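Structure assessment
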Amino acid sequence: MIFSKDFLKREIRDGFEIDEMMKRAWTAQMEVLLVVDEVCQRHGLQYFAYAGTLLGAVRHQGFIPWDDDIDICMKRNDYDALIRILPQGLPYGFVVAGMYAANERLQMAAYVPQLRVIADETLWNFNDYMKRFHGFPYQRVGIDIFPLDAVPQDIERAKQQKDIIRYGIPLLRDWEILEKEQRLESALQKLEQLSGMQIPRGKGSRNWIWRMLDAVSSLYRIDEAEELTKYDVWIDRDAFRLKKEWFDEVVYLPFENIKVPVPVGYDEFLTLIYGDYMRPVRGTAGHDYPFYGHMENELKKQIAAVGFTGSVEEFCDKVSTGKLYV
């Protein structure tokens, strides 16, 4: 993907300052999005811009100025097909992270209830990584892919699903605490009672539970439902019910220097989530901004270790343009 040199410059949008490193993060994530897009196009799978990415496309024709990631979603059938396709469908250097990853290292790289596609640092030479991702130096750049599942019309079935997921996700989040306090085994037994499934004990038990929760989320067929949801949101926000027809068709909207697919019912979708979504509200991200902030000091140490005396921005520019090799 080609970006002008001016794109990477520090900029003020809607009164918010976006620095050069964040611009590099944006370009890097857009590169990963295009990789996923190519796989989906090749196999006839439909995805949609989701959450802040959808809002950015509609309101800003690109990233929300104070947002730092890309999210997309897929209806469950396409999502499950993508899980099967990605391991062989991704180009070299890109991998699946999270519960469906090939090994424990990558499973723990995304301890989340959704797919994540990342650039695996073990498969890249640093200089090649910097060139491909427009001078973004932080490892494991990627995007999140969320499933949309059927909301069962039977209230009791919906409650059973919610109870299992509502109990299982905090159990996974607090695993080490429960283990330290010797409460893990009783917590696992309770989850077994709720789910009616026997949980294997041992090294892979946590990832097994992630997959089990994902399977519980996908129990009901979309063609038999009228509404869709994202289960880890729905368990706490019952109003998070998305009309299926909002996703029957796709339209394309500008997003920085590309176009992204959005659901035809994006107005209703965004109104449900954000209310008056055309009025910008800062501070609504679900994670610390910027996502790479905790890695900045280590990067500065690494730059100093190779003898470079300029700024971080100068270092990124020189390595990404081939003027410096490390």
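Description of the structure in this document. (Residues numbered from 1 in each chain as written. Predicted model: local features only at pLDDT ≥ 70, side-chain atom pairs only at ≥ 80, totals over all residues. Heavy atoms only, no water.)

1. Concerning the overall build of the protein
- A count of helices and strands for the protein gives 13 helices and eleven strands.
- Taking 20 Å as the expected radius of gyration for a compact globule of 326 residues, we find that the protein reaches 21 Å, a close match to that expectation.
- Taking the principal axes of its C-alpha atoms as reference, the protein extends roughly 60 × 45 × 35 Å.
- Considering only residue pairs separated by 6 or more positions, the protein has 66% of its internal contacts joining residues 24 or more positions apart. (Helix = DSSP H or I, 4+ residues; strand = E, 2+ residues; numbered from the N terminus. Rg over C-alpha atoms; globule rule 2.2 N^0.38 Å. Contact = heavy atoms within 4.5 Å.)

2. Some details on the environment of E185
- Residue placement: E185 occurs in helix α8 (residues 184-195).
- C-alpha of E185 to C-alpha of E227: the two residues are 42 residues apart in sequence and 36 Å apart in space.

3. Observations concerning the packing of aromatic side chains
- According to the stated counting rule, one finds 23 aromatic pairs in the structure shown.
- Ring centres of Y50 and F146 lie 5.2 Å apart, and the angle between their planes is 40°; on these two criteria the pair is classed as tilted. With a gap of 96 residues between them, Y50 in the loop between β3 (48-49) and α2 (51-59) and F146 in strand β7 (residues 142-150) connect regions that are remote in the sequence. Taken individually, Y50 and F146 each receive the classification buried, so the pair is uniform in this respect.
- Ring centres of Y231 and W234 lie 5.2 Å apart, and the angle between their planes is 80°; on these two criteria the pair is classed as edge-to-face. Highlighted residues: Y231 and W234, both in helix α10 (residues 231-234), separated by three residues, approximately one helical turn.
- Its relative accessible area of 3% is what places Y231 among the buried residues. (Phe/Tyr/Trp six-rings, centres within 6.5 Å; stacked < 30°, edge-to-face > 60°. Buried < 20%, exposed > 50% of the residue type's maximum accessible area, 1.4 Å probe, protein only.)

4. Section: the pattern of salt bridges
- Considering all chains together, one arrives at 32 salt bridges under this definition.
- Between K159 and D163 there is a salt bridge, and its shortest N-O distance comes to 2.8 Å. Here K159 and its partner D163 are both found in helix α6 (residues 155-173), four residues apart, which amounts to about one turn of the helix.
- Judged by relative accessible area, K159 falls into the partly exposed class, the value being 44%. (Salt bridge = Lys/Arg side-chain N within 4 Å of Asp/Glu carboxyl O.)

5. Quick word on unusual backbone geometry
- Of note, the bond from Y289 into P290 is cis; its omega dihedral lies within 30 degrees of zero at -5°.
- Among the secondary structure elements, P290 is positioned in the loop between α11 (266-274) and α12 (296-305).
- With a phi close to 55°, A51 is a non-glycine residue in the positive phi region.
- Classification of A51 as buried rests on a relative accessible area of 17%.
- At H134, a position not held by glycine, the phi torsion is positive, near 55°.
- With respect to the helices and strands, H134 occurs in the loop between α5 (126-132) and β7.

6. Re the pairing of β7
- For β7, the tally of buried residues reaches nine of nine residues, placing the bulk of the element in the interior.
- In this sheet, β7 lies alongside strand β6 (residues 115-119) in antiparallel orientation, the contact comprising four bridges. Directly across from I118, in β7, lies its bridge partner G142.
- Pairing geometry for β7 and strand β8 (residues 227-229), over two bridges, is antiparallel. (Pairing = 2+ DSSP bridges.)

7. Notes on the side chain of S205
- Its place among the elements puts S205 in helix α9 (residues 205-217).
- Once you skip the residues sitting within four places of it in the chain, S205 turns out to touch W175 and P200.

8. Points about the side chain of Q107
- Looking at where Q107 falls in the secondary structure, it is placed in helix α4 (residues 104-108).
- A relative accessible area of 17% places Q107 in the buried class.
- Within the structure, the side chain of Q107 is placed 3.4 Å from the backbone oxygen of A101, a separation counted as a polar contact.
- Those residues in contact with Q107 that lie beyond four places of it in its chain are G98, M99, A101 and N207. (Polar contact = N/O pair within 3.5 Å; in protein donor to acceptor, adjacent residues only side chain to side chain.)

9. A closer look at empty space enclosed by the protein
- Scanning the entire structure with this criterion turns up one cavity of 30 Å³ or more.
- For the largest cavity, the calculated volume is near 130 Å³.
- Residue lining of the largest cavity: 14 residues in total, with P113, D214, S217, Y231 and D232 positioned closest to the centre.
- Among the elements of the structure, β7, α6, α9 and α10 are those that each provide at least two residues to the lining of the largest cavity.
- The greatest single-element share of the lining of the largest cavity, amounting to four residues, is contributed by α9.
- Considering only residue class, the lining of the largest cavity consists of eight nonpolar, one polar and five charged. (1 Å grid on protein atoms, 1.4 Å probe; cavity = no way out; pocket = protein on both sides within 12 Å on 5 of 7 lines; lining within 4 Å. Points joined across faces, edges and corners; volume = space filled by probe spheres on them. Nonpolar A, V, L, I, M, F, W, Y, C, P; charged D, E, K, R; others polar.)

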